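As a plain string of letters, each chain reads:
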Amino acid sequence: VLGWALDRWGAAQAPEQYFQPYYNPLPLWDMLMRGLSFSNEWNGLATRLGSNGPFWSLSYEVAYYALFGVAVYLTGMRRVILLVAGVALTGLNILLLMPAWLMGVWLYHRLKQGARQRPTIAVVLAGLPVALYAIALRFDLPDILQTTVQPHLPGHALRFSEEFLWNALLGVLVCTHLSGVTALLRYRTAPRLSSVIAWLAGASFSMYLMHYPLLQALHAALPGLGHAGLFFLTLLICFAFAELFERPLHRWRRLLRGSGALRRTRVTD
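My aim in this report is to walk through the structure given alongside it, one point at a time. Here, residues in each chain are numbered from 1, in the same order as that chain's written sequence. Local features in a predicted model are, by the rule used here, given only for residues with pLDDT of at least 70; side-chain atom pairs are given and counted only at 80 or more, and totals for whole chains, interfaces and linings are based on all residues. Note: side-chain values were computed over all heavy atoms of the structure, leaving out hydrogens and water.

Some thoughts on the side chain of Asn93
Line of reasoning, step 1. Inspection of the secondary structure assignment puts Asn93 in helix H5 (residues 92-96).
Line of reasoning, step 2. Residue classification places Asn93 among the buried positions, given a relative accessible area of 8%.
Line of reasoning, step 3. We call two residues in contact when some of their heavy atoms are within 4.5 Å. Residues contacting Asn93, with those up to four places away along its chain left out, are Tyr60, His156, Ala157, Leu158, Arg159 and Ser161. Only DSSP runs of H or I covering at least 4 residues are called helices, and only runs of E covering at least 2 are called strands; the numbering of each starts at the N terminus. Residue exposure (1.4 Å probe, protein chains only): buried if accessible area is under 20% of the type maximum, exposed if over 50%, otherwise partly exposed.

Focus: the packing of helix H6 (residues 98-112) against helix H9 (residues 164-187)
Line of reasoning, step 1. The angle between two axes is taken between their N-to-C directions and runs from 0 to 180 degrees, where each axis is a line fitted to C-alpha atoms and a helix contributes only its stretch in contact. At their nearest, the axes of H6 and H9 sit 9 Å apart, and the two run at 15° to each other. One element, H6, and the other, H9, form an angle in the roughly parallel class. Handedness of the crossing formed by H6 with H9: right-handed. Taking contact as the criterion, the partners of Ala100, Met103, Gly104, Leu107, Arg110 and Leu111 in H6 are, on H9, Asn167, Ala168, Gly171, Val172, Cys175, Leu178, Ser179, Thr182 and Arg186. With respect to orientation, any angle under 35 degrees is reported as roughly parallel, any angle over 145 as roughly antiparallel, any angle of 65 to 115 as roughly perpendicular, and every other angle as oblique. Should the near helix be turned anticlockwise from the far one by less than a right angle, the crossing is left-handed, and should it be turned clockwise, the crossing is right-handed.

So, the packing of aromatic side chains
Line of reasoning, step 1. Pairing of aromatic side chains here covers Phe, Tyr and the six-membered ring of Trp, requires ring centres within 6.5 Å, and sorts the geometry by plane angle: under 30 degrees stacked, over 60 edge-to-face, intermediate tilted. Following the criterion strictly, the structure yields 14 aromatic pairs and no others.
Line of reasoning, step 2. Measuring from ring centre to ring centre gives 6.4 Å for Tyr60 and Tyr64, while their planes differ by 80°; the resulting arrangement is edge-to-face. With Tyr60 and Tyr64 both in helix H3 (residues 56-73), this residue pair falls four residues apart, about one helical turn.
Line of reasoning, step 3. Overall, Tyr60 belongs to the buried group, its relative accessible area being 2%.
Line of reasoning, step 4. Taking the relative accessible area as the measure of exposure, Tyr64 reaches 3% and is therefore buried.
Line of reasoning, step 5. Every member of this aromatic cluster is reached through a ring pair, and the members are Trp56, Tyr60, Tyr64, Tyr65, Phe68, Trp101 and Phe160.

Description of the packing of H3 against helix H4 (residues 76-90)
Line of reasoning, step 1. As a packed pair, H3 and H4 sit with axes 9 Å apart at the nearest point and diverge in direction by 165°. Taken as axis vectors, H3 and H4 run roughly antiparallel relative to one another. For the pair H3 and H4, the crossing hand works out as left-handed. The segment H3 lies against H4, with Ala63, Leu67, Val70 and Ala71 engaging Arg79, Leu82, Leu83, Gly86, Val87 and Thr90.

Describing the pattern of salt bridges
Line of reasoning, step 1. Put simply, a salt bridge is a Lys or Arg side-chain nitrogen that is within 4 Å of an Asp or Glu carboxyl oxygen. By the definition in use, this model includes three salt bridges.
Line of reasoning, step 2. The partner of Asp30 in a salt bridge is Arg34, and the shortest N-O contact between them spans 2.8 Å. Residue Asp30 and its partner Arg34 are located together in helix H2 (residues 28-37), separated by four residues, close to a single helical turn. The pair Asp30 / Arg34 is uniform in exposure class, with both members buried.
Line of reasoning, step 3. In this structure, the salt-bridge partner of Glu41 is Arg159, at a minimum N-O distance of 2.7 Å. With Glu41 in the loop between H2 and H3 and Arg159 in the loop between helix H8 (141-149) and H9, this pair connects stretches of sequence that are 118 residues apart.
Line of reasoning, step 4. By relative accessible area, Arg159 is classed as partly exposed at 33%.

What about the nonpolar core?
Line of reasoning, step 1. Working definition of a nonpolar core: buried Ala, Val, Leu, Ile, Met, Phe, Trp, Tyr and Cys residues. They are joined through side-chain atoms within 4.5 Å. Grouped together as the largest cluster of nonpolar side chains are 17 residues, with contacts concentrated most on Leu6, Tyr18, Leu49, Phe55, Leu209, Met210 and Leu214.
Line of reasoning, step 2. At the level of elements, helix H1 (2-13), helix H11 (204-221) and helix H12 (226-245) are the ones that each hand at least two residues to this core.
Line of reasoning, step 3. It is H11 that contributes the most residues to this core, five residues altogether.
Line of reasoning, step 4. Excluding residues that lie within four positions of it along the chain, Met210 makes contacts with Leu2, Gly3, Leu6, Cys238 and Phe241.
Line of reasoning, step 5. The next biggest cluster of nonpolar side chains, apart from the first, holds 14 residues, and it includes Ala63, Ile94, Leu96 and Val105.

Comments concerning H3
Line of reasoning, step 1. The span one expects for a helix is its residue count, reduced by one, times 1.5 Å. The first and last C-alpha atoms of H3 sit 26 Å apart over 18 residues, in line with the 26 Å expected at 1.5 Å per residue.
Line of reasoning, step 2. Those residues of H3 that sit buried are Trp56, Ser57, Leu58, Ser59, Tyr60, Ala63, Tyr64, Leu67 and Val70.
Line of reasoning, step 3. Packing partners of the buried residues in H3 comprise H4, H5, H6 and H11.

So, unusual backbone geometry
Line of reasoning, step 1. The omega angle of the peptide bond from Gln20 to Pro21 is 0°, so this bond is cis rather than trans.
Line of reasoning, step 2. Tracing the backbone shows Pro21 in the loop between H1 and H2.
Line of reasoning, step 3. In this structure, Asp140 takes a positive phi of about 55° despite not being glycine.
Line of reasoning, step 4. As for its position among the elements, Asp140 is in the loop between helix H7 (119-138) and H8.
Line of reasoning, step 5. Asp140 gets classed as partly exposed once you look at its relative accessible area, which sits at 40%.

Printed below as a string of structure tokens:
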């Protein structure tokens, strides 16, 4: 709703800054239907929600949670039928980026089991992926993979999955990097730094969710802000959003449980 309102406000101030394909003026009911179901990038439904392009990945993630839950918690024909139905509903584009998400699942369980690395190995694991990423960009590896190695799917719009081989490689680099960083932090604790990182992380989802409509609307309505002003005002509003919705998540969960919606479901804060 806030994204829809920001788009309408910004487009009224500077309509020339709101144009396809970076703005899709959906009516509010359509935004709510697609946004609340997270189906905006599913098979046959792919569309941009106003100016909020980054929202695409949430559609992917919800599909992964649903498919993963069916695969892990169900059995027999019910699992097979629901998996097939889920794949048909969400579509090929969703599946093409699923390897990176599964790498994250694997890494989470590996770290939860307390896997440790020697300090020298941890440094290599943390630093080498960063160097390899820079080298890959220097030699334009994403374009090489997409144009010469990646299978072509004529007649099918891949949209945000158009670099699925490069994205899978990125998943490997990110998992390796996080594995090394986690090992380094286990050898040397920094309580103050950890508390700062935790506080910043407590607003990361709000930043991701709101930054694009905010930047677009503020740039349209307040053109004199400049890049620095846009940057800091957007961050300020995102952190305010987090104070209302992201940081007090445990209170929202208690409210839902109290209303009966989640009374039988144990939700960990």
